[in-house]
Amino acid sequence: MKRLCSICARGGSKGLKNKNIMPLLGSPLIAHTIEHAMNAGIFDAVVVSSDSEEILSVSKSLGVDFLIVRPEHLASDTAPKIPAIRHCAIEAEKLSGIQFDTFVDLDCTSPLRSIQDIIDAVKTLEIKG
């Protein structure tokens, strides 16, 4: 079974500008989610989708497998997240040459999850899927 982890991080924010790259405990907010995904050891690829060059640059420095430039129409305040995840998955399959069976999207703004939470959620998804 091939698994993809997407992390969708918009550059714009109504409440806190550039929140996804602001420091939290000495690292950019997005770094915590990237590290969780990579350290879970269950994903064949970890990708970041963003409309922000800064977010993509930080993500690249943290070792994600692929960077997906999100189109403007999928990055507005009113754009729903599912189409952005779908775009990310399609682009990741093109870039990797892998057809993924399981897609997991982790929010940058939930850095308090544990790696075991991710592993257990994926197991549950695949058992019930």
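See above for the structure.
What you are looking at is a predicted structure, and each value in this text was computed from that prediction instead of being measured.

A. Spotlight on the overall build of the chain. Summing up its helical and strand segments, the chain has four helices and six strands in all. When the helices and strands of the chain are read in sequence order from the N terminus, they spell out β-β-β-α-β-α-β-α-β-α. Here the C-alpha atoms of the chain give a radius of gyration of 14 Å, agreeing with the 14 Å that 2.2 N^0.38 yields for 129 residues. Summarising its shape, the C-alpha atoms of the chain cover approximately 40 × 30 × 25 Å along the three principal directions. Expressed as a percentage of the 129 residues in the chain, the buried residues total 40%. Within the structure as shown, the chain displays about 7200 Å² of accessible surface, and the carbon and sulfur contribution to it stands at 54%. Taking the average location of the 14 positive side-chain charges in the chain and that of its 16 negative ones, the two points are 3 Å from each other.

B. Looking closely at the side chain of S59. The topology assignment puts S59 in helix α2 (residues 53-61). A distance of 2.8 Å separates a polar atom in the side chain of S59 from the backbone oxygen of I55. Every residue in contact with S59, bar those within four places of it in the chain, is listed here: I30, I34, V48, V64 and L67.

C. Highlighting the packing of aromatic side chains. Across all of its chains, the model carries one aromatic pair by this definition. Aromatic side chains F100 and F103 sit 6.3 Å apart centroid to centroid with 65° between the ring planes, which places their arrangement in the edge-to-face category. Assessed through its relative accessible area of 5%, F100 is described here as buried.

D. View of the sheet that holds strand β1 (residues 3-8). Judged by pairing direction, the sheet is parallel, and its four strands sit side by side in the order β5-β4-β1-β6 without closing on themselves. Of all the strands in the sheet, the pair left with one neighbour each is β5 (66-69) and β6 (102-105). For this sheet the average axis-to-axis angle between neighbouring strands, irrespective of direction, equals 25°. Where β1 lies against strand β4 (residues 45-50), five bridges are found, and the strand directions are parallel. When the bridges of β4 are listed, C5 appears paired with V46. Where helix α4 (residues 115-128) meets the sheet, it contacts β1 and β6, and its direction lies at approximately 140° from that of β6.

E. Spotlight on α2. Every buried residue of α2 is accounted for by I55, L56 and S59. Mapping the buried residues of α2 onto a view down its axis gives an arc of 95°, with all of them on the same face. Away from its buried face, by an angle of more than 90 degrees, α2 presents the exposed residues E53, K60 and S61. Buried residues in α2 make contact with α1 (29-40), β4 and β5. For α2, the capping residue at the N-terminal end is S52, with a side-chain oxygen 3.2 Å from the backbone nitrogen of E54. A positive backbone phi angle near 90° is found at G63, which sits one or two residues after α2.

What counts and what doesn't
- Residues numbered from 1 in each chain as written.
- Predicted model: local features only at pLDDT ≥ 70, side-chain atom pairs only at ≥ 80, totals over all residues.
- Heavy atoms only, no water.
- Helix = DSSP H or I, 4+ residues; strand = E, 2+ residues; numbered from the N terminus.
- Rg over C-alpha atoms; globule rule 2.2 N^0.38 Å.
- Buried < 20%, exposed > 50% of the residue type's maximum accessible area, 1.4 Å probe, protein only.
- Areas by Shrake-Rupley, 256 points an atom, 1.4 Å probe, with all protein chains shown as cover.
- Lys, Arg positive; Asp, Glu negative; His and termini not counted.
- Charge placed at Lys NZ, Arg CZ, Asp CG, Glu CD.
- Polar contact = N/O pair within 3.5 Å; in protein donor to acceptor, adjacent residues only side chain to side chain.
- Contact = heavy atoms within 4.5 Å.
- Phe/Tyr/Trp six-rings, centres within 6.5 Å; stacked < 30°, edge-to-face > 60°.
- Pairing = 2+ DSSP bridges.
- Axes fitted to C-alpha atoms, helices over the stretch in contact; angles between N-to-C directions.
- Arc of directions from axis to C-beta.

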